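# Structural overview for review
Read off the chains here:
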Amino acid sequence: REKFLGILIVVAFLINFMRSALFAIALTAMFMFVWYYLKGFVYKSLGRVVFVGLTLAGTAYVFVAFGVISSEYSLYKFQTLFDFSNLGEDDSWAFRSMSMSAAIDQTTSSPWRIAFGNGWGQVYEFLRGEERQVGGADFVNVFAYNGVIGVAAYGFMLLQALLSAGRRASQAMYLEDRLLAEGVMFAIVGNIALGMVSGMLLWPSFWLLIGLAIAMDVESLKEQSLRRYVRRKV
């Protein structure tokens, strides 16, 4: 079942191909390798990373070779996936870069804005002849909307969620709980990576992960209380 779900995720990813998501997958795979290596599961780590990589590469080849991906833009993204020399000419990245630069320029125009931001969603700029709300990546958006204070709070929330899931993955009493916590932890890492180049703040799945991390801390406190109670009785 695990492999079937992995293949299903890869197929869905390729149908809605995004290079920013591939960046997040790569960073998450590296994090998974380090996590399992530190846990002493080197072969398990290598097996999962290799499985994801081969499945992604094989499915991508089939999609392109048999014309499953017919969109010219999607094909272009596949063909230029590792061609960083033309990144500045890529229309998608050029517009996103322009939008983020405009948000940062407006926010750094005064010490007050640097500290407290411009207000949620209150950053606009004329881009390509049209007034648009600028930003793009989560950290850029939070900085533009809430300043350095907002970035610090946002980073602290992500760190606490990651640590909460990591503690649960290491200390939970039952295997099922540890595996669930691992999945949440890896998903949080993926969301953080994706948030560096794209926006995840408004996605319900992002806040679902934050909520799960909070719930895991509550469960960990319950288990700690139970262990203390058992030790006193013994």
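A short tour of the structure in this document, coming up. (Residues numbered from 1 in each chain as written. Predicted model: local features only at pLDDT ≥ 70, side-chain atom pairs only at ≥ 80, totals over all residues. Heavy atoms only, no water.)

The next point concerns a nonpolar patch on the surface. Nonpolar side chains collect at one region of the surface, where Met173, Tyr174, Leu226, Tyr229 and Val230 lie side by side and expose about 480 Å² of accessible area between them. Following the sequence through the fold, Met173 ends up in the loop between α7 (138-171) and α8 (175-195). (Patch = residues over 30% accessible without salt bridge, like charges linked within 9 Å, V, L, I, M, F, W, Y side chains within 5 Å. Areas by Shrake-Rupley, 256 points an atom, 1.4 Å probe, with all protein chains shown as cover. Salt bridge = Lys/Arg side-chain N within 4 Å of Asp/Glu carboxyl O. Helix = DSSP H or I, 4+ residues; strand = E, 2+ residues; numbered from the N terminus.)

Tallying each qualifying case throughout the model produces eight aromatic pairs. Both rings, one in Phe139 and one in Tyr154, keep their centres 5.2 Å apart while their planes meet at 70°; by these two values the pair is edge-to-face. A residue is classified by how much of its surface remains accessible, and Tyr154, at 6% relative accessible area, is buried. For the ring pair Phe206 and Trp207, a centre distance of 4.9 Å and an interplane angle of 85° mean the geometry is edge-to-face. (Phe/Tyr/Trp six-rings, centres within 6.5 Å; stacked < 30°, edge-to-face > 60°. Buried < 20%, exposed > 50% of the residue type's maximum accessible area, 1.4 Å probe, protein only.)

Right, let's get into the nonpolar core. Counting 28 residues, the largest nonpolar core has Ile188 and Phe206 as the members making the most contacts within it. Put simply, the parts of the chain that give this core at least two residues each are α2 (19-39), α7, α8 and α9 (204-233). Considering each element in turn, this core owes the most residues, nine residues, to α8. If near-sequence neighbours (up to four positions away) are discounted, Phe206 is found in contact with Tyr154, Met157, Leu158, Asn191, Met200 and Leu201. Of all hydrophobic cores here, the second largest spans 10 residues; its members include Ala103, Leu127, Ala137 and Tyr145. (Core = buried A, V, L, I, M, F, W, Y, C linked by side-chain atoms within 4.5 Å. Contact = heavy atoms within 4.5 Å.)

In this section: the side chain of Asn118. Tracing the backbone through its elements, the reader meets Asn118 in the loop between α6 (111-116) and β1 (124-127). Among the polar contacts listed, one links the side chain of Asn118 to the side chain of Thr107, at a separation of 3.1 Å. If sequence neighbours within four positions are ignored, Asn118 has contacts with Gln106, Thr107, Arg113, Val123, Ala144 and Tyr145. (Polar contact = N/O pair within 3.5 Å; in protein donor to acceptor, adjacent residues only side chain to side chain.)

Attention now moves to the pairing of β1. The pairing of β1 with strand β2 (residues 130-133) spans four bridges and is classified as antiparallel. Its bridge partner lying in β2, Leu127 is registered against Glu130. Taken together, β1 and the strand that follows it, β2, pair antiparallel across an intervening segment of two residues, in which Arg128 is found at a positive phi of about 55°. (Pairing = 2+ DSSP bridges.)

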